[in-house]
Amino acid sequence: MENSPATEDTALKPPGKKVCTACGTINYSSSIYCYKCGAELPGQVDDRVEAPGNPAGFWVRSLAFVIDRTFLVIIGVALVVVFTGTSLAEALAQYFDLNRPVSGGEYLIGIGTEITYWTLTTGTWGKTIGKAMLRLKVTRVDGSRLTYARAFARYWAYYVSILTLGLGFIAIALSSKKRGFHDFICDTKVSKQEV
């Protein structure tokens, strides 16, 4: 009895994937024909392409975001303590006091930490700490890895989703492919990874 791609032992699969030139579907490197459209696949294998996973939905992505924000708060408070000489208790009190004006130094530390975090984690591993904990990964729509430039652009594209009164994030729940405005802008998707 022939094994289906989903039940094959992953250790037996050659590394890399083949991308169908007819429909863009990602197939295993051992495939000869595309499992989706039946077209003959090219001979070359692309090591940058990942196996397709199911799209990650709104709630799991929201939980990953909350985990990431918590991590960034911890890092931000620690950096404010280190660079401004403020005590930990004072830094925490200041951080959660919404009526207190934010100094230029604190703002730069905060925004610099966020940009660095989202760009480096997504550009290097395709996932942040929150996404890694929930087995999610960010890739291009074709399954290839994000460059640092695209990860950087994706950070700024979040603001499009935010500035549209959150509609960019609500689009994740409403879209059949579970993509937000920032995903459409940067040609990305977030998928659940196999165990």
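Note that the structure is a prediction, hence the values are computed from the model and not measured.

Caption draft 1: Geometry of empty space enclosed by the protein. As enumerated under the stated definition, the model contains 2 cavities of 30 Å³ or more in all. Computed from the structure, the second largest cavity encloses a volume of approximately 40 Å³. As for the second largest cavity, its lining consists of Trp118, Thr122, Ala151, Arg154, Tyr155 and Tyr158. Residue assignment for the lining of the second largest cavity shows that the elements contributing at least two residues are α3 (104-125) and α5 (148-163). Taken together, the residues of the lining of the second largest cavity break down into 4 nonpolar, 1 polar and 1 charged.

Caption draft 2: Quick peek at the pairing of strand β4 (residues 188-192). Of all 5 residues in β4, 4 are buried; the element is thus mostly enclosed. Here strand β3 (residues 136-140) runs beside β4; their pairing, made up of 5 bridges, is antiparallel. Across the sheet, Leu136 pairs through a bridge with Lys192, a residue of β4.

Caption draft 3: Inspection of the packing of helix α1 (residues 58-84) against helix α2 (residues 88-95) at higher detail. Two elements in contact, α1 and α2, have axes whose closest approach is 9 Å; the angle formed by their N-to-C orientations is 125 degrees. Considering the angle they form, α1 stands oblique to α2. The hand of the α1/α2 crossing is right-handed. On the side of α1, the interface is formed by Val73, Val77, Val80 and Val81, while α2 contributes Leu88, Ala91, Leu92 and Tyr95.

The rules we used
Residues numbered from 1 in each chain as written. Predicted model: local features only at pLDDT ≥ 70, side-chain atom pairs only at ≥ 80, totals over all residues. Heavy atoms only, no water. 1 Å grid on protein atoms, 1.4 Å probe; cavity = no way out; pocket = protein on both sides within 12 Å on 5 of 7 lines; lining within 4 Å. Points joined across faces, edges and corners; volume = space filled by probe spheres on them. Helix = DSSP H or I, 4+ residues; strand = E, 2+ residues; numbered from the N terminus. Nonpolar A, V, L, I, M, F, W, Y, C, P; charged D, E, K, R; others polar. Buried < 20%, exposed > 50% of the residue type's maximum accessible area, 1.4 Å probe, protein only. Pairing = 2+ DSSP bridges. Axes fitted to C-alpha atoms, helices over the stretch in contact; angles between N-to-C directions. Parallel < 35°, antiparallel > 145°, perpendicular 65-115°, else oblique. Left-handed = near helix turned anticlockwise from the far one by under 90°. Contact = heavy atoms within 4.5 Å.

These values are about where atoms sit, not about what they do.
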